[in-house]
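The chain contents come next:
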Amino acid sequence: MDCGGRNKQWQFKFKRNDSLYLLHSSESRWCLRREGGDLGYRFVRTRDDHRRVKQIDGVDAAQEAVVGVLVCALPLLLLPPAADPFEVPKLSFAVLGAAALVLLSVFGGTRARELTGLSYALVEFGASATLSTLFSMHWPTSLWGGHDSHAGLAYVFALIAIAMCSRGLQQFGLWEQCLVISTALTALYGVVQWMGADPISWSRTAQWCGALRPFSTLGHPNSLAAFLAMSAPLVLSTSVEALRRANSVQGGFGILVVLVSAAVALPTYSRAGWIAFAVGLVVLFVLLPKSVIRIRALWIFLAFGIAVIVASQSVAFRTRVFGLFSSPTRLAMYRAAVEIFLDQPLVGSGLDTFQLAFQAHRTPEYWAHEWGATPQRAHNDFLQVLATQGVFGAVALVACCWFVLRALRRARHHSDPITRTYIAGLAGCLAAAAVYALFSFHVTATALLAAIALGQLDHLSSHSAFGNGTTTRGNRAASRRAFRMAALTALAAVVVFTFAVMPLVANIFVRRGIELEAHEPLQAQAAYEHALRWMPFADTTW
């Protein structure tokens, strides 16, 4: 579309998601960015050449593609040759994706135009994690993560980077379409396991009253239930938007995915997952705009209620429900977390060192229930932060929760029903994540969804909702720009190699040593030595 003004010819360039426009003239170039809802539009002057102005679209598309790949591949990723085939490859892939997002933001000449309170709270949480690592009781554990936990400093900074770089993703765009696919495949594999037709023979499985608890590609039934609970509001909001556009195929498929997810979440016998699933759907339907679509979607509650009634005939299900609030081992872990915090109130025992600090606070009652087993975490993410990061981490976490509620309140003022539907899905995902964190702990796949939802909600609550918060930085000397790009590339390569490649390769050698230990002890010893060369400081290889 062309329009004239003072003998100048202006040309608009529209983007597909209706959130970014480029306005060119013969003398200057401007960016017209949508503010969202009833906030209108704003002109932003650019002072760069034509290639830099046109590069904004490419950077946004590349970042959206990276997030889409993370959402689609990370929940499904597993590596059977590794000692930990689930969490180690997922964390390595998340670190790689976070590094790619940061490099795309920097190389695209972009920076965050507006940092909100939630952004500063995330930065404060990262600073608290760094401080607790510096004063940790065992810094290698805090840096790379504990055994079977892997929630070290790389885990924290990867999630913060993903949250910051996910601001301004396209509403109902590529990443949510990828989420529908990954949720469908994850739930389908859970159905296969529940039916006893799993093609892979796993050495460690969870059972309840003799019934197998499906874990799909998440590694544990609780993690599977949490992922399905967090993805259900997002998938259902995508279906509502598809039905609004009269796309019955996409809308019906999303509703079917949610129903299958609910059916798979029931035999996981995860009480925290059940509560999170219900709370996420309730928050979604409460925040959805009043429309016919909202009324149509109520039948999902009816179908879910029927599934609960049918499942209640199971003895295992009734036993799990009646013991919902009776868990002596959890209470012992909660008491231990408080005692650990009192030992080191400022910075805690160190990031992800709960299983090390727990040894001094193990009670005879806990031993009677769990024998020699040591919990990886406190099974309450809030108490986990309090014990391992102290007051600084607790304050940062409370600030994050406060700014999330504030951002949700501000985001609800959008008059656009499409945006409000999108916000309802994000709020349902975060509500499910918060409820689940009260009774258990998050893994990489579930924390990824929470990080993306945080970034999106933070963006939609800001007054300057301009895509990814990108702006051009102006011309600089080519040599200076090349040096900066080379330095950042080298830094990203070091980070990826240290926190993604090294743990993954060491884990593969550990698994090889375990398999060879009974028949080829010398080769097993060589494999263990290779693992120690790759990770000489981490206890996971020892």
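Small disclaimer: the values here were computed from a predicted structure and weren't measured.

Counting through the fold element by element, Asp148 comes out in the loop between helix H4 (139-144) and helix H5 (153-165). Residue Asp148 is classed as partly exposed on the basis of its relative accessible area of 25%. For the pair Asp148 and Arg377, spaced 229 residues apart in sequence, the C-alpha separation works out to 9.8 Å. Those residues in contact with Asp148 that lie beyond four places of it in its chain are Asp84, Arg204 and Gln376. There is a polar contact of 3.4 Å between the side chain of Asp148 and the side chain of His147.

Ile162, Trp175, Leu179, Phe277, Ile452 and Leu457 are the most contacted members of the largest nonpolar core, which has 106 residues in total. Grouped together as the second largest cluster of nonpolar side chains are 13 residues, Tyr334, Ala337, Tyr366 and Leu383 included.

For the rest of this paragraph, the subject is the packing of helix H7 (residues 221-244) against helix H8 (residues 248-265). Contact pair H7 / H8: the axes reach a minimum separation of 8 Å and the direction vectors enclose 160°. In terms of axis orientation, H7 runs roughly antiparallel to H8. Crossing handedness for the pair H7 and H8: left-handed. Between H7 and H8, the residues in contact are Leu224, Leu228, Ala232, Val235, Leu236, Thr238, Ser239, Ala242 and Leu243 and Ser248, Gln250, Gly251, Gly254, Ile255, Val257, Val258, Ser261, Val264 and Ala265, respectively. A per-class count over the contact of H7 with H8 returns 12 nonpolar, 7 polar and no charged.

Of all residues in the chain, 74% have pLDDT values of 70 or greater, and the mean over the chain is 77. Confidence, read as mean pLDDT per element, is least for strand S1 (residues 2-5) in the chain (40) and greatest for helix H6 (residues 174-194) (94). Here residues 109-113 is a poorly scored stretch, pLDDT under 50, and it has 21 contacts once near neighbours within four places are set aside; other chains count. Across residues 463-479, confidence stays below pLDDT 50; counting only partners more than four residues off in sequence or on other chains, it has 56 contacts.

By secondary structure assignment, the location of Gly126 is in helix H3 (residues 117-134). By relative accessible area, Gly126 is classed as buried at 3%. Setting aside anything within four residues of it in sequence, one finds Gly126 in contact with Phe157 and Ile160.

So, about the side chain of Ser237. Mapped onto the elements, Ser237 comes out in helix H7. Classification of Ser237 by relative accessible area gives buried; the value is 0%. Apart from the residues lying within four places of it in its own chain, the contact partners of Ser237 are Phe172, Glu176, Leu284, Thr421 and Gly425.

As a further point, take the environment of Val385. Note that Val385 resides in helix H16 (residues 381-411). The sequence separation of Val385 and Ala337 amounts to 48 residues, and the corresponding C-alpha distance is 9.2 Å. Among all residues touching Val385, those that are not within four sequence positions of it are Phe125, Gly390, Gly393, Ala394 and Leu397.

Let us now look at the pattern of salt bridges. Between side chains of opposite charge, a pair can form when the charged atoms approach closely. Scanning all chains against the criterion turns up 3 salt bridges. Notably, a salt bridge pairs Arg167 with Asp458, separated by 3.5 Å at the nearest N-O pair. Placement of Arg167 in the loop between H5 and H6 and of Asp458 in helix H18 (residues 444-461) is noted, with a sequence separation of 291 residues between them. Note on accessibility: Arg167 and Asp458 belong to one class, buried. Salt-bridge contacts for Arg244 lead to Glu241; the nearest nitrogen and oxygen are separated by 2.7 Å. Linking Arg244 with Glu241, this pair stays in helix H7, spanning 3 residues, or about one helical turn. Among the residues examined, Glu241 registers a relative accessible area of 5% and is labelled buried. Here the residues in one salt-bridge network are Glu241, Arg244 and Arg245, joined through shared partners.

What describes two packed helices is the angle between their axes and the distance between those same axes. Put simply, H5 and H18 touch, their axes get as near as 8 Å, and they point 35° apart. Handedness of the crossing formed by H5 with H18: right-handed. Here Tyr155, Leu159, Ile162 and Ala163 of H5 lie close against H18, whose contacting residues are Thr444, Ala447, Leu448, Ala451, Ile452 and Gly455. Classifying every residue of the contact of H5 with H18 gives 8 nonpolar, 2 polar and no charged.

About the criteria used
- Residues numbered from 1 in each chain as written.
- Predicted model: local features only at pLDDT ≥ 70, side-chain atom pairs only at ≥ 80, totals over all residues.
- Heavy atoms only, no water.
- Helix = DSSP H or I, 4+ residues; strand = E, 2+ residues; numbered from the N terminus.
- Buried < 20%, exposed > 50% of the residue type's maximum accessible area, 1.4 Å probe, protein only.
- Contact = heavy atoms within 4.5 Å.
- Polar contact = N/O pair within 3.5 Å; in protein donor to acceptor, adjacent residues only side chain to side chain.
- Core = buried A, V, L, I, M, F, W, Y, C linked by side-chain atoms within 4.5 Å.
- Axes fitted to C-alpha atoms, helices over the stretch in contact; angles between N-to-C directions.
- Parallel < 35°, antiparallel > 145°, perpendicular 65-115°, else oblique.
- Left-handed = near helix turned anticlockwise from the far one by under 90°.
- Nonpolar A, V, L, I, M, F, W, Y, C, P; charged D, E, K, R; others polar.
- pLDDT = per-residue confidence, 0-100.
- Salt bridge = Lys/Arg side-chain N within 4 Å of Asp/Glu carboxyl O.

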